[in-house]
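If you want the building blocks of each chain, they are given just below.
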Amino acid sequence: EDYRRVANVIAASGHGDSKTILVTGQRWSPTSAVASNLLRALSLSSVHTALIRASQESLAPSVMDRVVREALVPLPRNGVLSEADLAEARGSGYLIAVASDPRQSADAQTTARFSDSVVIVLEKGASTHAARAILDELDAVGAPILGVVLVRPSRFTQRKDRDVSSEDSAPEPGPESPAIKGQER
């Protein structure tokens, strides 16, 4: 239900029936999970929805259900997405492009230049420094930021990988619903 709300925000963001949405964040696993859940929510409408990896990482087996497998578009042979690749994959519907951390790879910046909206995925407890650095990387290419989805840190995430500073330390939070643009439940 929460991802359907996020899908409604995306649909209402004013880009008509055809758009490309980049999902990127500080860690690949939660970022690909959010992208997959957005795909599922958007595919409930009658509009065609596809998913493409803008990075070389593979999607986690846990997100690869029938809906995701059928919507997954292969990367071009050279592994680099162009504006034409995105337009072809999108067709007359939505294309969700998932990319790794923009601080680690240029894939997110490259794809953001051709995207209508960007959704940033952060784990609860991420430092403001990490969030600001991601925003700065995307802002450098004029990325149209739609909002941020805040997710619960994975039990597999090691503390050192979360970009958590000592002042941001807190006990592991309980289950979280995605929140976009400060809308919290």
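These lines cover the structure that appears in this document, whether it is placed above or below. (Residues numbered from 1 in each chain as written. Predicted model: local features only at pLDDT ≥ 70, side-chain atom pairs only at ≥ 80, totals over all residues. Heavy atoms only, no water.)

**Description of helix α4 (residues 83-90)**
Here's step 1: Restricting attention to buried positions, one finds in α4 the residues L86, A89 and R90. Down the axis, α4 shows its buried residues gathered within 100° of arc, on one side only. Facing away from the buried side of α4 by more than 90 degrees, the exposed set consists of A84 and E88. (Buried < 20%, exposed > 50% of the residue type's maximum accessible area, 1.4 Å probe, protein only. Helix = DSSP H or I, 4+ residues; strand = E, 2+ residues; numbered from the N terminus. Arc of directions from axis to C-beta.)

**Some details on the pattern of salt bridges**
Here's step 1: As enumerated under the stated definition, the model contains four salt bridges in all.
Here's step 2: With its nearest N and O atoms 2.7 Å apart, the salt bridge here joins R40 to D65. You can see R40 sitting in helix α2 (residues 28-43) and its partner D65 sitting in the loop between β2 (49-53) and α3 (66-71), a full 25 residues away along the chain.
Here's step 3: We classify D65 as partly exposed; its relative accessible area is 28%. (Salt bridge = Lys/Arg side-chain N within 4 Å of Asp/Glu carboxyl O.)

**Points about helix α6 (residues 128-139)**
Here's step 1: In this model α6 runs 16 Å from its N-terminal to its C-terminal C-alpha over twelve residues, within 8% of the 16 Å that 1.5 Å per residue would give.
Here's step 2: Residues of α6 that are buried: A130, A131, I134 and L138. Buried residues in α6, looked at end-on, bunch into an arc of 100°, giving them a common side. In α6, those exposed residues whose orientation departs by more than 90 degrees from the buried face are T128, H129 and D139. (Expected span 1.5 Å × (residues − 1).)

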